[in-house]
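Breakdown of the fold
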Amino acid sequence: MQISQSLQTFKFRAQQLFNKIRLPADPKSLAKPLAAAGLTFLLLILLFMWWWSRIPSLFDPAMIAQTQADTYQHEMVPGYVSTVTLKQLGETLLNKSGGYLRNDVLPPSVWMDNMPSWEFGVLTQIRDFTSAMQQDFSRSLPQFEDDPDLKQAAERFAFDSNSWMFPSSEREYRRAIRSLASYQSRLGTQDEDVASFTITTQALDSWLNTVTERLQDRLEKLSASHRPLQKAINQEHTPRYQIDNVFFETRGQLWALKHLLEAVQVDFAEVLSSNANELLSQMVMELEVSLRSLCSPIILNRHGFGLLANHSLTLAFFVQRLQTDLALLRQELAQ
């Protein structure tokens, strides 16, 4: 009996609530509010995509290293600036606006490709320099053993850049940064578990050789984005939909390289001649110019001396200049 009365009460209240809901007589009156809501949502998506596509600002490696040395009471020994710079590059990759986007599977970041390409360019230089620190800069005599922290950092930075979970790319890269922080602490405190960093021209030249190979690959891909030049040198043409990816991946590599060159200029100061030091300073300035803000919302690759710019060939010019300076620098180091 009580259940029957409760059901009747529920039906009565439900009917009252339904009667209060009044649908518009003309369904077309919903069109404008729905259109306004859709437009607002689209604008928010575009705003997020614009904000997350902003390239992080350049930083001063020596200044950040000095700040951390003061904070943690570390000594500014050779290798300290390079370690802090490498760690800062990794943290910037993960903590910039929007975070790490390359492995995202949800909108709006899944619709973006320029920033993920830029991230991969930065990651490529991080991987190369971490390997150089493990294999060339830190191996101690006479055993030539790998530093455990740098070995772990190199393995974790080499993890798949597109992994969404189980584990995610971010998780592995954060573990790599923690390994670098451990090496930084051992290097800066010089306690019993001392970390080594070798400053020789041979070790530096080994990393510069890797940089040269990376730049050559970038130069070829940028040049292949220009169809007339591609035909002239009989090279495979970069598909039109990949031109912006090639451009931003190159910019990512140059962004990271600018900071790494500044770091080694400090750490290897004892073995650099005045000419070598001048060449490094010149390369850093050229990199800063190549990384100026892009004024166009899209990457243009027009032909010849036409009205519109060709961004790929403009960037290729700076890469070619860097290659020339790198060759001169390596000759200077060989002497």
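Along each chain, residues carry numbers from 1 onward, in the same order as the chain's sequence is written. For a predicted model such as this one, the threshold for reporting local features is a pLDDT of at least 70, and the threshold for listing and counting side-chain atom pairs is 80 or more; totals across whole chains, interfaces and linings nevertheless cover every residue. Calculation of side-chain values draws on the structure's entire complement of heavy atoms; hydrogens and water are dropped beforehand.

**Here's the deal with the overall build of the protein chain**
Each helix and strand counted, the protein chain has 12 helices and zero strands in total. Counting from the amino terminus, helix and strand elements in the protein chain follow one another as α-α-α-α-α-α-α-α-α-α-α-α. The 335 residues of the protein chain split such that 44% are buried. Within the protein chain, contacts between residues at least 6 apart in sequence are counted, and of these 72% link residues at least 24 apart. Of the roughly 18,800 Å² of accessible surface on the protein chain, 57% is carried by carbon and sulfur atoms. Strands here are runs of E lasting at least two residues and helices are runs of H or I lasting at least four, both read from the DSSP assignment and numbered beginning at the N terminus. Whether a residue is buried, partly exposed or exposed follows from its accessible area with a 1.4 Å probe, protein chains only, as a fraction of its type maximum: under 20%, in between, or over 50%, in that order. Any two residues whose heavy atoms approach within 4.5 Å at even a single point are treated as in contact. Each accessible area is a Shrake-Rupley result for a 1.4 Å probe, and residues are judged covered by the shown protein chains and nothing else.

**Section: the nonpolar core**
Side chains of nonpolar character tend, in soluble globular proteins, to be buried together. Remark: nonpolar core denotes a set of buried residues (Ala, Val, Leu, Ile, Met, Phe, Trp, Tyr, Cys) joined through side-chain atoms within 4.5 Å. If you look at the biggest cluster of nonpolar residues, it comprises 75 residues, and the most contacted ones within it are Phe 137, Trp 207 and Leu 261. Among the elements that make up this core, the one with the highest residue count is helix α10 (residues 243-267) (12 residues). Contact partners of Leu 261, with chain neighbours within four places excluded, come to Trp 207, Leu 208, Leu 280, Met 283, Val 284 and Leu 287.

**Some details on the packing of helix α5 (residues 114-137) against α10**
Packed helices, taken two at a time, are described by their axes: the angle between them and the distance between them. Between N-to-C directions, angles span 0 to 180 degrees; the directions come from axes that are lines fitted to C-alpha atoms, helices contributing only their stretch in contact. One way to put it is that α5 packs onto α10 with a least axis distance of 7 Å and a crossing angle of 35°. Seen along the crossing, α5 lies across α10 with a hand that is right-handed. Two secondary-structure elements touch here, α5 through Asn 114, Ser 117, Trp 118, Phe 120, Gly 121, Val 122, Thr 124, Gln 125 and Phe 129 and α10 through Asp 244, Asn 245, Phe 248, Glu 249, Arg 251, Gly 252, Gln 253, Trp 255, Ala 256, Leu 257, Leu 260 and Val 264. Basically, the charged four are Asp, Glu, Lys and Arg, the nonpolar ten are Ala, Val, Leu, Ile, Met, Phe, Trp, Tyr, Cys and Pro, and anything else, Gly included, counts as polar. Here the residues of the contact of α5 with α10 sort into 10 nonpolar, eight polar and three charged. For any pair of crossing helices, the crossing counts as left-handed if the nearer helix is rotated counterclockwise from the farther one by less than a right angle, and right-handed if it is rotated clockwise.

**Quick notes on the environment of Val 194**
Along the chain, Val 194 turns up in the loop between α7 (169-189) and α8 (201-223). On the accessibility criterion, Val 194 (43% relative accessible area) is partly exposed. Residues Val 194 and Tyr 183, 11 residues apart in the sequence, show an inter-C-alpha distance of 9.0 Å.

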